[in-house]
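Spelled out from the first residue to the last, the chains are:
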Amino acid sequence: MQPKDLSQLTPFTSYLETNNVIPNELYTEYNVKRGLRNTDGTGVLVGLTHIGEVHGYVMDEGVPVPVEGRLRYRGIDIFDLVEGFQKENRYGFEETVFLLLFGQLPTKKELEEFSALLARYRQLPDGFKENIILKSPSPNIMNLLTREVSALYAYDPEPDDISVANVLDQCLQLIAQFPAMVAYGYHAKRHYYENESLFLHHQSDRLAHVENFLSLLRPNREFDPIEAHILDLAFVLHAEHGGGNNSTFTLHVVSSTNTDTYSAIVAALCSLKGPRHGGANAEVVNMMDDVKKHIKDWSNENEIKDYIRKLLNKEAYDRRGLIYGMGHAVYSLSDPRAILLKKKAEELARYKKREEEFHLYDLFERFSRQLFAEKAKNKIICANVDFYAGFVYDMLGIPRELYTPLFALSRMAGWSAHRLEELIAGGRIIRPAYKCISEPKEYVPLDRR
Ligand SMILES: CC(=O)SCCNC(=O)CCNC(=O)[C@H](O)C(C)(C)COP(=O)(O)OP(=O)(O)OC[C@H]1O[C@@H](n2cnc3c(N)ncnc32)[C@H](O)[C@@H]1OP(=O)(O)O
Ligand SMILES: O=C([O-])CC(=O)C(=O)O
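Residues numbered from 1 in each chain as written. Chains lettered and ligands numbered in written order. Predicted model: local features only at pLDDT ≥ 70, side-chain atom pairs only at ≥ 80, totals over all residues. Heavy atoms only, no water.

You'll find the protein chain entered in an unreviewed UniProt entry as Citrate synthase, with Thermospira aquatica given as the organism. Heading Catalytic activity (unreviewed entry) of the UniProt record for the protein chain holds this comment: "oxaloacetate + acetyl-CoA + H2O = citrate + CoA + H(+)". The record in UniProt for the protein chain states the following under Pathway (unreviewed entry): "Carbohydrate metabolism; tricarboxylic acid cycle; isocitrate from oxaloacetate: step 1/2." (UniProt positions renumbered as here; feature names shortened; annotations may be inferred.)

Engineer: An account of the site of ligand 2 is requested, with residue identities and associated values reported.
Structural biologist: Near ligand 2, the surroundings consist of His241, Asn245, His277, His328, Arg337, Phe407 and Arg411. Between an oxygen atom of ligand 2 and a side-chain N or O atom of His328, the distance comes to 2.7 Å. Taking Arg337, its side chain carries an N or O atom lying 2.7 Å from an oxygen atom of ligand 2. Across the shell around ligand 2, the residue classes break down as one nonpolar, four polar and two charged. (Near = heavy atom within 4 Å. Polar contact = N/O pair within 3.5 Å; in protein donor to acceptor, adjacent residues only side chain to side chain. Nonpolar A, V, L, I, M, F, W, Y, C, P; charged D, E, K, R; others polar.)

Engineer: Can you explain the side chain of Gln173? Please cite residues and give values.
Structural biologist: Tracing the backbone shows Gln173 in helix 8 (residues 164-194). Residue contacts for Gln173: discarding those within four places in its chain leaves Tyr121, Leu152 and Tyr262. (Helix = DSSP H or I, 4+ residues; strand = E, 2+ residues; numbered from the N terminus. Contact = heavy atoms within 4.5 Å.)

Engineer: Tell me about unusual backbone geometry, and name the residues and values.
Structural biologist: One non-glycine residue, Asn89, lies in positive phi territory at about 50 degrees. Structurally, Asn89 is set in the loop between helix 3 (78-87) and helix 4 (93-102). Take Asn89: its relative accessible area is 59%, and that puts it in the exposed class. We note that Arg319 has phi near 55 degrees; this positive angle belongs to a residue other than glycine. Relative to the helices and strands, Arg319 resides in the loop between helix 14 (301-312) and helix 15 (336-351). Given the relative accessible area of 51%, Arg319 is considered exposed. (Buried < 20%, exposed > 50% of the residue type's maximum accessible area, 1.4 Å probe, protein only.)

Engineer: Can you explain the packing of helix 7 (residues 141-155) against helix 12 (residues 261-272)? Please cite residues and give values.
Structural biologist: With their axes 9 Å apart at the nearest point, helix 7 and helix 12 run at an angle of 175 degrees to one another. Viewed along their axes, helix 7 and helix 12 adopt a mutual orientation that is roughly antiparallel. Contact residues: Met142, Leu145, Thr146, Val149, Ser150, Leu152 and Tyr153 in helix 7; Tyr262, Ile265, Val266, Leu269, Cys270 and Leu272 in helix 12. For the contact of helix 7 with helix 12, the class distribution of residues is eleven nonpolar, two polar and no charged. (Axes fitted to C-alpha atoms, helices over the stretch in contact; angles between N-to-C directions. Parallel < 35°, antiparallel > 145°, perpendicular 65-115°, else oblique.)

Engineer: Residue-level account of the layout of surface pockets, with values.
Structural biologist: Looking at the second largest pocket, its volume works out to about 260 Å³. Asn24, Tyr27, Thr28, Asn31, Val32, Lys33, Arg34, Arg37, Asn38 and Thr39 together form the lining of the second largest pocket. Residues belonging to the lining of the second largest pocket are distributed by class as follows: two nonpolar, five polar and three charged. (1 Å grid on protein atoms, 1.4 Å probe; cavity = no way out; pocket = protein on both sides within 12 Å on 5 of 7 lines; lining within 4 Å. Points joined across faces, edges and corners; volume = space filled by probe spheres on them.)

Engineer: Any chance you could break down the site of ligand 1 for me, citing the residues and the numbers?
Structural biologist: Of all residues adjacent to ligand 1, which total 21 residues, the nearest are Arg37, His277, Ile323, Gly325 and Met326. Between ligand 1 and the protein, one listed contact pairs a nitrogen atom with a backbone N or O atom of Arg276 at 3.0 Å. Residue classes in the shell around ligand 1 are distributed as eleven nonpolar, six polar and four charged. In this structure, the shell around ligand 1 is formed jointly by two domains, domain 1 (80-276 + 400-426) and domain 2 (280-395), each of which donates at least three residues. (Domains from an automatic or database assignment.)

Engineer: Describe the pairing of strand 2 (residues 63-73), naming the residues involved and giving the relevant values.
Structural biologist: Sheet topology places strand 1 (residues 52-60) next to strand 2; eight bridges connect them, and they run antiparallel. Each bridged residue has a counterpart across the sheet, and for Met59 the counterpart in strand 2 is Pro64. Following strand 1, the chain reverses through two residues before pairing antiparallel with strand 2; Glu61 in that reversal takes a positive phi of roughly 50 degrees. Sheet topology places strand 2 next to strand 3 (residues 76-77); two bridges connect them, and they run antiparallel. (Pairing = 2+ DSSP bridges.)

Engineer: Which residues make up the nonpolar core, and what values do they have?
Structural biologist: Among the nonpolar cores identified, the biggest contains 120 residues, and Phe178, Phe213, Leu231 and Phe364 are the most heavily contacted of them. With 14 residues, helix 8 is the largest single contributor of residues to this core. When residues of this core are assigned to domains, at least three map to each of domain 1 (80-276 + 400-426) and domain 2 (280-395). (Core = buried A, V, L, I, M, F, W, Y, C linked by side-chain atoms within 4.5 Å.)

Engineer: Which residues make up the pattern of salt bridges, and what are the values?
Structural biologist: One pass over the full model with this rule turns up 25 salt bridges. Across the pair Glu88 and Arg90 runs a salt bridge whose closest N-O atoms are separated by 2.7 Å. For Lys342, the salt bridge goes to Glu365, with nearest N and O atoms at 3.1 Å. Of this pair, Lys342 sits in helix 15 while Glu365 is found in helix 16 (residues 355-375), placing the two residues 23 residues apart along the sequence. Accessibility expressed as a relative area gives 22% for Lys342, which makes it partly exposed. Through salt bridges with shared partners, a single network forms among Asp289, Lys292, Arg354, Glu357, Asp394 and Arg400. (Salt bridge = Lys/Arg side-chain N within 4 Å of Asp/Glu carboxyl O.)

Engineer: Requested: an account of the environment of Ser271, with residues and values cited.
Structural biologist: Structurally, the position occupied by Ser271 is in helix 12. Its relative accessible area of 14% is what places Ser271 among the buried residues. For the pair formed by Ser271 and Tyr155, sequence separation is 116 residues and the distance between their alpha carbons is 24 Å. Beyond its immediate sequence surroundings of up to four residues, Ser271 is in contact with Asn246, Ser247, Thr250 and His277.

Engineer: Account for the environment of Tyr351, with residues named and values stated.
Structural biologist: Considering the arrangement of structural elements, one finds Tyr351 in helix 15. Among the residues examined, Tyr351 registers a relative accessible area of 41% and is labelled partly exposed. Residues Tyr351 and Gly274, 77 residues apart in the sequence, show an inter-C-alpha distance of 32 Å. Once you skip the residues sitting within four places of it in the chain, Tyr351 turns out to touch Asp224 and Ile226. A polar side-chain atom of Tyr351 sits 2.5 Å from a polar atom in the side chain of Asp224.

Set out below in structure tokens:
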């Protein structure tokens, strides 16, 4: 493809830049909660949910005080949930999906039956692989996923039926089919854009969700149990994050119009792709590549600190001043998901003999907190779920273009629970207000302008 010539748009872009400025003071004057945030940085309360609780500060006389992060799925602490299935050396994703959707833990029998049901939902409709994935691949798997989900509408005999049973059927189908949509989309991309050989393994309904994904991804279908358990943990940790995260909130907004499930999920996917949200997991690894390129000695603390200072001063990496994988809209001292993933990243790094790299991530995380606090007058940021996720995926040999799609594959569980909750309990179209700050102007006829 030829690079685009945008020079013909220069006069229009200068109109855009001059006619769209909104002075900061106006937000205060009109009491507008910019970014749906209160002036102290906390989120404006816009909804109620049973599904996920994200907690990162306590209010003390009207002032938010940082505390260790807490995440609960349907009331159950994420540390307890993870410990529960890890202690029994079993996978946790199917159990988590059941919990998020139905609001209670499954019995042993329910879990077995539900896992088998999800596995039966796994098969893509006849012709979908050939007509949707292979005929029109994309260099970006998130972009492809939105098209795949949108295309499923045409394969559904009742796409617009928003009754609870039908939406549940659509959600279970999407949760179960995401691994194949991601893996096949990736193989098509490699074949058509990178001239690699094409293989599309058939799915097996005897494998667990995570095993099915790994077996579809790898040429020899093989994986080691340690790898499958760590990836399953990543799926569980990415499955849900309350109603206020950008993609889930988008899903609530779109679902509140009573549109179909496929449209609502496409909207959530588009939100998740952004590098300030789910796209951050790939950005972290790209940023860390740049760190490794510019730092000669990975254990030299001064070199690491110099790089982070440059990053914050917009002199390094993408020059946006952001440290990817650090900071969170709710968490302050810690993101529990990052704690759990970091522990597994360390174990995996030992197993894969990449301890030196783990150590670099660890130092980078520590100094990022410290230098950000110095620069931002003691404001605290912590590593978020994305900081160690990409490193874990890289150690599992998962290609970088799949990091954000894997987030989507996991979050499909939470989005499903929230869509059903919005349809059952919402009942009102979400429609906030915007104040127009343009002065009234007269229409001037063309020959007098
Ligand atoms: C799964 C997820 O979506 S987790 C988040 C993934 N995203 C990232 O890792 C990208 C890097 N992090 C960020 O961009 C931010 O921390 C976000 C988007 C996650 C949260 O943003 P906010 O809620 O606005 O952050 P918060 O209110 O705590 O801090 C605001 C200030 O700190 C700055 N800040 C926050 N995080 C960072 C960071 N990682 N690097 C540099 N500056 C940061 C903001 O730019 C902002 O500065 P300003 O007031 O001068 O504009
Ligand atoms: O809660 C947020 O704003 C972002 C986040 O961590 C998630 O969606 O997992």
